[in-house]
Amino acid sequence: MQSEVRVIQDERTEWRFDLDPAAPMGNAEARDWLDAQFTQLGSEPLRPTGKLLLADKVLVVARDAGPRLLNDPQWSREFARAASAALDKPVVRIDLGAMTVSY
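Summarised in this report is the structure supplied together with it.

So, how was this worked out
- Residues numbered from 1 in each chain as written.
- Predicted model: local features only at pLDDT ≥ 70, side-chain atom pairs only at ≥ 80, totals over all residues.
- Heavy atoms only, no water.
- Pairing = 2+ DSSP bridges.
- Helix = DSSP H or I, 4+ residues; strand = E, 2+ residues; numbered from the N terminus.
- Axes fitted to C-alpha atoms, helices over the stretch in contact; angles between N-to-C directions.
- Contact = heavy atoms within 4.5 Å.
- Buried < 20%, exposed > 50% of the residue type's maximum accessible area, 1.4 Å probe, protein only.
- Phe/Tyr/Trp six-rings, centres within 6.5 Å; stacked < 30°, edge-to-face > 60°.
- Lys NZ or Arg CZ within 6 Å of the ring centre and 35° of its normal.
- Polar contact = N/O pair within 3.5 Å; in protein donor to acceptor, adjacent residues only side chain to side chain.

### What about the sheet that holds strand β2 (residues 13-19)?
Right, so step 1: Taken in spatial order, the four strands line up as β2-β1-β3-β4 in an open sheet, and their pairing is mixed. Looking at which strands have only one partner, the edges of the open sheet turn out to be β2 and β4 (100-102). Averaged over all pairs of adjacent strands, the angle between strand axes in this sheet comes to 10 degrees, irrespective of strand direction.
Right, so step 2: The pairing of strand β1 (residues 3-10) with β2 spans seven bridges and is classified as antiparallel. From the neighbouring strand, V5 faces β2, where its bridge partner is F17.
Right, so step 3: Taken strand by strand, helix α2 (residues 54-70) contacts β1, β2, β3 (91-95) and β4, and its axis lies near 70 degrees from that of β3.
Right, so step 4: Contacts between helix α3 (residues 73-87) and the sheet are confined to β1, β2, β3 and β4, with β2 contributing the most and set at about 70 degrees to the helix.

Rendered as structure tokens:
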């Protein structure tokens, strides 16, 4: 089964990351990686309650990473691996314009 993560900024800008099934990231490792990136990027929860769902964290990290990090081959590969593993989905679509994550 093919695994991929897509990040869509707008109708002209999209990043697609094909995941190598031989190098999966564990769920706990993925959550730790996303937590570290959330902190490093100075991200804030989407909801005023402060509650942060895992899909929200993936969305916010992608948004705050921006083109600079999404264009970085090493960072984007780790992001895609972490997003797929943390959400436990082989195909993840992150739409930054609509602020949605779908599977």
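Let's pick the thread back up.
### Thoughts on the environment of S43
Right, so step 1: Within the secondary structure, S43 sits in the loop between α1 (27-40) and α2.
Right, so step 2: Using a relative accessible area of 9% as the deciding quantity, one classes S43 as buried.
Right, so step 3: Considered as a pair, S43 and R63 are 20 residues apart in the sequence and their alpha carbons are 9.1 Å apart.

### Here we look at the packing of aromatic side chains
Right, so step 1: Per the stated rule, a full pass over the model turns up three aromatic pairs.
Right, so step 2: Pairing W33 with W75 gives two aromatic rings, centres 5.4 Å apart and planes at 50 degrees, and the pair type is tilted. Highlighted residues: W33 in helix α1 and W75 in helix α3, separated in sequence by 42 residues. Of the two residues examined, W33 and W75, each falls in the buried class.
Right, so step 3: Ring geometry for W33 against F79: centres 6.5 Å apart, planes inclined by 50 degrees, an arrangement best described as tilted. Of the two residues, W33 sits in helix α1 while F79 sits in helix α3, which places them 46 residues apart along the sequence. For the pair W33 and F79, one class covers both residues: buried.
Right, so step 4: The ring of F38 has K57 lying over it, and the distance from NZ or CZ to the ring centre is 5.6 Å.
Right, so step 5: Over the ring of Y103 we find K89, and its NZ or CZ is 5.2 Å from the ring centre.

### Examining the environment of E4
Right, so step 1: By the secondary structure assignment, E4 is in strand β1.
Right, so step 2: Taking the relative accessible area as the measure of exposure, E4 reaches 12% and is therefore buried.
Right, so step 3: Excluding its chain neighbours within four sequence positions, the residues that come into contact with E4 are R16, F17, D18, L19, P90, V91 and V92.
Right, so step 4: A distance of 2.5 Å separates the side chain of E4 from the side chain of R16, its partner in a polar contact.

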